[in-house]
Amino acid sequence: MNLSDNALVLFSGGQDSTVCLAWALQRFARVETVGFDYGQRHAVELTVRPRIRERLAQLSPQWRERLGDDHVVKIDALAAISDTALTREIAIGISASGLPTTFVPGRNLVFFAFAGAVAYRRGTRHLVAGMCETDCSGYPDCRDDTIKAMQLALSLGMDRRLVIHTPLMWIDKAATFALAQDIGGAPLVDVLLAETHTCYLGDREHRHDWGFGCGECPACRLRAEGFAKWKKAA
Ligand code: ZN
């Protein structure tokens with residue numbers, strides 16, 4: 001990896017994409033972020049993004065220098081064609097297809113197409129994203145094969161080499177905490193716990209040792225279990 005290169009991070013304001021942003025700030029000369037407003041039922045994800053960016057910039061003068069523009073892309077069409085727990089009042093569970101009802105079909109493919117267009121326009125070769133196959137196996141658009149196919153499609157379709165980095169692809173949530181600790185020590189872990197948002201219900205009222213959330217939804221349970229496992233191993 002060439003440190004003089006630029007990177008664009010798919011940054012949702014969740015824990016995983018925040019770790020990816022820190023990972024990119026450690027490696028690339030300039031790092032921009034892109035977020036998607038697609039009619040999420042809980043826009044809290046979008047409101048925590050600027051604060052997380054500011055907190056990361058405060059962690060290191062070098063990171064402040066490297067952190068570039070933020071792009072928010074509005075994709076109303078995705079909400080219009082989706083019928084899932086994230087965009088409408090449907091209970092979170094497992095649908096007849098075996099996928100969580102939180103799954104927006106093809107969502108990440110759409111995100112990558114837009115992120116690729118932003119990257120092209122900004123002259124950026126590297127995309128960084130927090131997809132993880134290890135403990136979100138219900139989401140086929142998080143799988144490594146899907147990401148690799150998307151990298152190839154974008155590179156061919158735009159006639160420019162794009163590389164998609166997924167540093168969390170093969171690690172679990174406990175290892176994600178460990179990675180954050182490696183990259184930015186306790187101050188970065190504190191940003192994760194205090195500022196990031198992953199709860200499917202949009203709960204910012206209940207603070208646990210692992211961060212904010214309802215504590216009951218699949219995202220909260222995954223995060224809580226990962227935190228406990230990491231703490232136990234530390
Ligand atoms: Zn929750």
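Structure: see above.
In this report, we go over the structure that sits alongside the text. (Residues numbered from 1 in each chain as written. Predicted model: local features only at pLDDT ≥ 70, side-chain atom pairs only at ≥ 80, totals over all residues. Heavy atoms only, no water.)

Points about the sheet that holds strand S2 (residues 30-37)
Consideration 1: Ordered in space as S3-S2-S1-S4-S5, the five strands form an open sheet in which the pairing is parallel. Only two strands of the sheet have a single partner each, and these edge strands are strand S3 (67-74) and strand S5 (163-165). Across the sheet, the mean angle from the axis of one strand to that of its neighbour is 25°, orientation sign disregarded.
Consideration 2: Alignment of strand S4 (residues 126-128) against S5, held across three bridges, turns out to be parallel. Across the sheet, Leu127 pairs through a bridge with Ile164, a residue of S5.
Consideration 3: Relative to the sheet, helix H1 (residues 15-27) contacts strand S1 (6-10), S2, S3, S4 and S5, its axis offset from that of S1 by approximately 175°.
Consideration 4: This element, helix H2 (residues 44-59), spans S2 and S3 of the sheet and lies at about 175° to S3. (Pairing = 2+ DSSP bridges. Helix = DSSP H or I, 4+ residues; strand = E, 2+ residues; numbered from the N terminus. Axes fitted to C-alpha atoms, helices over the stretch in contact; angles between N-to-C directions. Contact = heavy atoms within 4.5 Å.)

Thoughts on the packing of aromatic side chains
Consideration 1: A full pass over the atoms with the stated rule returns six aromatic pairs.
Consideration 2: Aromatic rings pair up to connect Phe36, Tyr38 and Phe111 into one cluster.
Consideration 3: For Arg160, the ring lying beneath its charged end belongs to Tyr120, and the centroid distance is 3.8 Å.
Consideration 4: Stacked on the ring of Phe212, the Lys or Arg Arg207 has its end atom at 5.6 Å from the ring centre. (Phe/Tyr/Trp six-rings, centres within 6.5 Å; stacked < 30°, edge-to-face > 60°. Lys NZ or Arg CZ within 6 Å of the ring centre and 35° of its normal.)

Describing the coordination of the zinc ion
Consideration 1: Within the first shell, the zinc ion binds the protein through Cys199 (SG), Cys214 (SG), Cys217 (SG) and Cys220 (SG), at distances of 2.3 to 2.4 Å.
Consideration 2: Around the zinc ion sit four donor atoms; with metal-centred angles ranging over 106 to 117°, the donor geometry is tetrahedral.
Consideration 3: Counting along the primary sequence, the residues that act as donors to the zinc ion give the motif C-x14-C-x2-C-x2-C. Cys217 carries the same exposure label as Cys214, and that label is buried. (Donors = N, O, S within 2.8 Å, 3.2 Å for Na, K, Ca; no water. Tetrahedral: all angles 85-135°; square planar, octahedral: opposite > 155°, others 65-115°. Buried < 20%, exposed > 50% of the residue type's maximum accessible area, 1.4 Å probe, protein only.)

Here's the deal with the pattern of salt bridges
Consideration 1: Counted under the stated rule, the structure contains 13 salt bridges.
Consideration 2: Here Asp70 ties to Arg49 by a salt bridge, and the two come within 2.7 Å at their closest N and O atoms. Within this pair, whereas Asp70 is found in strand S3, its partner Arg49 is found in helix H2, the two being separated by 21 residues in sequence.
Consideration 3: Residue classification places Arg49 among the buried positions, given a relative accessible area of 2%. (Salt bridge = Lys/Arg side-chain N within 4 Å of Asp/Glu carboxyl O.)

Focus: the nonpolar core
Looking at soluble globular proteins, one finds that nonpolar side chains tend to be buried together.
Consideration 1: Ranked by internal contacts, the top residues of the largest apolar core, which has 65 residues, are Leu10, Phe36, Phe112 and Leu127.
Consideration 2: In terms of residue count, helix H7 (residues 173-195) provides more of this core than any other element does, ten residues in total.
Consideration 3: Not counting residues up to four positions away in its chain, the partners in contact with Leu127 are Leu8, Leu10, Phe112, Ala115, Gly116, Ala119, Leu154, Leu162, Val163, Ile164 and His165. (Core = buried A, V, L, I, M, F, W, Y, C linked by side-chain atoms within 4.5 Å.)

Looking at the packing of H2 against H7
Consideration 1: For the pair H2 and H7, the least separation of the axes is 10 Å and the interaxial angle reads 165°. Comparing the axis directions of H2 and H7 gives the class roughly antiparallel. Of the two possible hands of crossing, H2 and H7 adopt the one that is right-handed. Every residue of H7 that contacts H2 at Val48, Arg51, Ile52, Arg55, Leu56 and Leu59 is listed here: Pro187, Leu188, Asp190, Val191, Ala194 and Glu195.
Consideration 2: Grouping the constituent residues of the contact of H2 with H7 by class yields eight nonpolar, no polar and four charged. (Parallel < 35°, antiparallel > 145°, perpendicular 65-115°, else oblique. Left-handed = near helix turned anticlockwise from the far one by under 90°. Nonpolar A, V, L, I, M, F, W, Y, C, P; charged D, E, K, R; others polar.)

Regarding the packing of H1 against H2
Axis angle and axis distance: for two packed helices, these are the angle between their axes and the distance between the axes, and together they describe the pair.
Consideration 1: At their nearest, the axes of H1 and H2 sit 11 Å apart, and the two run at 35° to each other. Crossing angle aside, the handedness with which H1 passes H2 is right-handed. Between H1 and H2, the contacting residues are Thr18, Leu21, Ala22 and Leu25 on the first element and Ile52, Arg53 and Leu56 on the second.
Consideration 2: For the contact of H1 with H2, the per-class residue count stands at five nonpolar, one polar and one charged.

Examining the environment of Gly211
Consideration 1: Note that Gly211 resides in strand S7 (residues 211-212).
Consideration 2: Judged by relative accessible area, Gly211 falls into the buried class, the value being 0%.
Consideration 3: Along the sequence, Gly211 and Cys199 sit twelve residues apart, while their C-alpha atoms lie 9.7 Å from each other.
Consideration 4: Ignoring sequence-local partners within four residues, the contact set of Gly211 consists of Leu193, His206 and Arg223.

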